[in-house]
Structures are given as C-alpha cells and as structure tokens.
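Per-entry structural report
Chain by chain, the residues:
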Amino acid sequence: GDLAQTGVVALLLAVAAITWALTHRRMAGMDAGPGSDLGGPGWFAATWALMMAAMMLPAVAPMVAAYRGRTAGLGATPAFAAGYLITWLVTGLFGYALIEGVRSLDLGFLAWDEAGRYLAGSVILGGALYQLTGPKDACLRRCRDPRAFLDDHWRPGRVGALRMGAEHGRFCVACCWGLMAALFALGVMSTGWMALVAALIAAERLLPWKTIAGRGV
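Right, let's walk through the structure included here. (Residues numbered from 1 in each chain as written. Predicted model: local features only at pLDDT ≥ 70, side-chain atom pairs only at ≥ 80, totals over all residues. Heavy atoms only, no water.)

Re the environment of Arg 142
- Checked against the element boundaries, Arg 142 lands in helix H5 (residues 134-144).
- Here the alpha-carbon distance between Arg 142 and Phe 171, two residues 29 residues apart in the chain, equals 7.2 Å.
- Sequence-distant contacts of Arg 142, defined by excluding residues within four places in its chain, comprise Met 63, Phe 149, Asp 152, His 153 and Phe 171.
- In this structure the side chain of Arg 142 is engaged in a polar contact, spanning 3.2 Å, whose partner is the side chain of His 153. (Helix = DSSP H or I, 4+ residues; strand = E, 2+ residues; numbered from the N terminus. Contact = heavy atoms within 4.5 Å. Polar contact = N/O pair within 3.5 Å; in protein donor to acceptor, adjacent residues only side chain to side chain.)

If you want it as structure tokens, here you go:
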C-alpha cells in the first residue's frame, strides 16, 4: 500500500545518505580533478558502487516504490534495486577499462596542458548535445513513467525482479551516459562534481516539466 511505498522511498533516501558519507570518506585526500587516479579495479568497483547508490537511489526511488506497490514477494524489491545498481556497476567498470586502457598507451599529447583539456571539453559538450536528441528523450520518458515500464517489463519472482531492475538500469544508462561521461571528464573522484551531476539527474527525472528539465540540464 501507500505506507509500504513511502517506507521504501524513506529507506532508499537513508541508504543514499549513508553512501554519500562513505563515498566522501573513501575519497578523502585524493586528487579529485580531471585525470585523477582511479585506483585498482577492486578499489574502483567498490567506490563506484557506493557512488551509484549515493547518486542514483534518490532519482530511482519513485520507480522502486511503484514496483513495491505491485508486489508482496519477499526480497523482490531489494532484488529490483540490486539489478539496477549492478547495471550501473558494469557500466562504471567499462568506463574504467576504457580510461585505463588509453592511459596504458602513454600518449603524451593527452596531457592536461596539451590536448587533455580539449578532450575533456569535447566530452562535456557531447554530453550536452545528447540531451537534445531523440534517443535521450525516449529513454528519459521511460525513466519518468514507472507505470509504463512495469506494464511492459513485468516478471514475477525475485529473479524476475533482478532482471527488471537490470532492464530499467539499461534505460537509465542510455538516458544518463552523457552526464556520467562528463563526470569522468570533470573528475570522477570529486564529491563536488558528483553532487552536481546527481542533482541534474534527479532534476530531469523528478521535476514535473520533462522537456524543460531535460533541456535545462
């Protein structure tokens, strides 16, 4: 019922607050600017998982609450949220592999005082232009309409919930990859840039004016 859905939203916001604190503590003392060290794969994976919980749980809370309103299965709602976060974890590891792969080539012209700043600027500009495209609009519509997504993708049970969460995560990645790429360009280990990108994602998901919110971002 409504009380259960409200409880889910409150729980997700509490988890997000805790993960914000843990993320800030984990990143303390790091070089948080563009081109900062991403650490080893295990360290990055754990940090990225915390980051995604902190950044994305507030924005996805209406979808998870709507899912909870349709199921009473034990563990189904956590499985849905887990599937969603797993998709973002895989996406982060792909970004990590891409960046570390380029760094391993030791291309001197990509240094910040040479072409690096222009590459970062191009990534941010690309993310901005993607906001104006049809695919972005279609994915954002899916992310903003829990009822339509649940009607089209419903699967029963905990395994079904995990798959549904992953499917919603894929729509979310397709919607937000430009903003996440901009985060990597600005400094993925910066809690300040994290907070800004998280606020932009929440705004385009939660504000009632989809077109204005999307274009404004």
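What follows continues from the structure just given.
Some details on the nonpolar core
- Within the largest apolar cluster, 47 residues are counted, with the highest numbers of intra-cluster contacts made by Trp 48, Met 55, Met 56, Trp 88 and Met 180.
- In terms of residue count, helix H2 (residues 41-70) provides more of this core than any other element does, 15 residues in total.
- Setting aside residues no more than four positions away along its own chain, Trp 88 makes contact with Trp 48, Met 52, Met 56, Cys 172, Val 173, Cys 176 and Met 180. (Core = buried A, V, L, I, M, F, W, Y, C linked by side-chain atoms within 4.5 Å. Buried < 20%, exposed > 50% of the residue type's maximum accessible area, 1.4 Å probe, protein only.)

Thoughts on empty space enclosed by the protein
- Tallied over the entire structure, the rule returns one cavity of 30 Å³ or more.
- In this structure, the largest cavity encloses a volume near 40 Å³.
- Mapped onto the lining of the largest cavity, the elements with two or more residues apiece are H5 and helix H9 (210-216).
- For the lining of the largest cavity, the element with the most residues is H9, which contributes four residues.
- Grouping the constituent residues of the lining of the largest cavity by class yields one nonpolar, three polar and four charged. (1 Å grid on protein atoms, 1.4 Å probe; cavity = no way out; pocket = protein on both sides within 12 Å on 5 of 7 lines; lining within 4 Å. Points joined across faces, edges and corners; volume = space filled by probe spheres on them. Nonpolar A, V, L, I, M, F, W, Y, C, P; charged D, E, K, R; others polar.)

Shape is all these values report; function is a separate question.
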